[in-house]
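Residues per chain are reported as follows:
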Amino acid sequence: MADLPRRFLMPGMHFREIGPSTVLGAGILHKKDSGGDVIRHTSRHLSVVYVLRGRGSYLCKTCGRVDMAPGDVYLRFPGLLHDSTHVPDGQWVEAFLSFTPGISRTLEDSGVISRRAPVLHPGLDLAVADRFVEIMKTLASSSQANLFSLVTEALRVVGELS
């Protein structure tokens with residue numbers, strides 16, 4: 001399996017509260033071996049997870065089991081029971097964005113994302129993956145006033161991947 005540029009191999013994550021009901025999170029996660037799988041999980045937030053390296057699967061009652069590979073995106077919807085697992089071979093790397101339920105409802109109501117199709121296959125684009133990294137870095141250092149524009153950028157990324 002081809003290796004990723006170093007910038008994607010430095011795990012980290014940041015979350016910021018933007019207002020009383022809005023939180024934005026972003027990060028890069030590595031799941032090197034067993035552990036890190038999410039089994040029978042119901043999320044409180046929407047997570048948009050971009051698979052950068054490795055193989056795994058997503059399971060929920062609305063879509064059944066879907067295999068995942070680099071370039072796939074899976075969505076952890078608030079309140080939707082699901083499993084997400086990875087092959088424990090040390091290859092799994094993911095980038096994620098996390099939003100509050102209100103943003104999830106807006107994206108669903110507008111047809112941008114759907115619980116009936118929680119796994120998307122846009123293909124691997126390192127320029128898009130770079131935007132996850134940039135959002136994560138900016139979250140860590142941005143002033144409160146600039147966070148709204150960061151939410152807008154994160155939503156742009158979601159729109160392009162869906």
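So, a few notes on the structure that sits alongside this text. (Residues numbered from 1 in each chain as written. Predicted model: local features only at pLDDT ≥ 70, side-chain atom pairs only at ≥ 80, totals over all residues. Heavy atoms only, no water.)

### A word on the pairing of strand S9 (residues 92-99)
Counting buried positions along S9 gives eight out of eight residues, so the element sits mostly inside the fold. Burial along S9 is two-sided: the residues Trp-92, Glu-94, Phe-96 and Ser-98 and Val-93, Ala-95, Leu-97 and Phe-99 are all buried. With seven bridges connecting them, strand S4 (residues 46-53) and S9 associate as antiparallel partners. What sits directly across from Val-51, in S9, is Glu-94. (Buried < 20%, exposed > 50% of the residue type's maximum accessible area, 1.4 Å probe, protein only. Helix = DSSP H or I, 4+ residues; strand = E, 2+ residues; numbered from the N terminus. Pairing = 2+ DSSP bridges.)

### Side note on the sheet that holds strand S6 (residues 64-68)
Taken in spatial order, the four strands line up as S3-S8-S5-S6 in an open sheet, and their pairing is antiparallel. Two strands bound the open sheet, and with one partner strand each, they are strand S3 (38-41) and S6. Each strand of the sheet is rotated relative to its neighbour by a mean of 10°, with strand direction disregarded. Sheet topology places S3 next to strand S8 (residues 82-86); two bridges connect them, and they run antiparallel. Across the sheet, His-41 pairs through a bridge with His-82, a residue of S8. (Axes fitted to C-alpha atoms, helices over the stretch in contact; angles between N-to-C directions.)

### Focus on the side chain of Arg-53
Inspection of the secondary structure puts Arg-53 in strand S4. Of the residues examined, Arg-53 reaches a relative accessible area of 10% and is grouped as buried. At 2.5 Å, the side chain of Arg-53 and the side chain of Asp-3 are in polar contact. (Polar contact = N/O pair within 3.5 Å; in protein donor to acceptor, adjacent residues only side chain to side chain.)

### Points about the pattern of salt bridges
Once the charged atoms of two side chains with opposite charge are near each other, the side chains can pair. Under the counting rule described, the total for this entry stands at eight salt bridges. A salt bridge links Arg-115 to Glu-108, with the shortest nitrogen-to-oxygen separation between them at 2.8 Å. Since its relative accessible area comes to 28%, Arg-115 is described here as partly exposed. You can call Glu-108 partly exposed: its relative accessible area is 22%. Arg-131 is paired through a salt bridge with Glu-160; the nearest N and O atoms lie 2.4 Å apart. Taken as a pair, Arg-131 in helix H2 (residues 126-141) and Glu-160 in helix H3 (residues 147-161) lie far apart in primary sequence, 29 residues in all. Judged by its relative accessible area of 46%, Glu-160 is partly exposed. (Salt bridge = Lys/Arg side-chain N within 4 Å of Asp/Glu carboxyl O.)

### Observations concerning helix H1 (residues 101-109)
Along H1, the residues classified as buried are Ile-103, Ser-104 and Leu-107. Across the axial projection of H1, the buried residues extend over an arc of 105°, all falling on one side. In H1, those exposed residues whose orientation departs by more than 90 degrees from the buried face are Arg-105, Thr-106 and Asp-109. Gly-111 lies just past H1 and shows a positive phi near 85°. (Arc of directions from axis to C-beta.)

### A look at unusual backbone geometry
Even without being glycine, Arg-40 reaches a positive phi, approximately 50°. By secondary structure assignment, the location of Arg-40 is in strand S3. Residue Arg-40 is classed as exposed on the basis of its relative accessible area, which comes to 62%.

### Side note on H3
Here H3 is 15 residues long and its end C-alpha atoms lie 21 Å apart, about the 21 Å a rise of 1.5 Å per residue gives. All of the buried residues in H3 are Leu-147, Leu-150, Val-151, Ala-154, Val-157, Val-158 and Leu-161. Taken end-on, H3 shows its buried residues confined to a sector of 115°, consistent with a single buried face. (Expected span 1.5 Å × (residues − 1).)

Without other data, these values stay purely geometric and don't point to any function.
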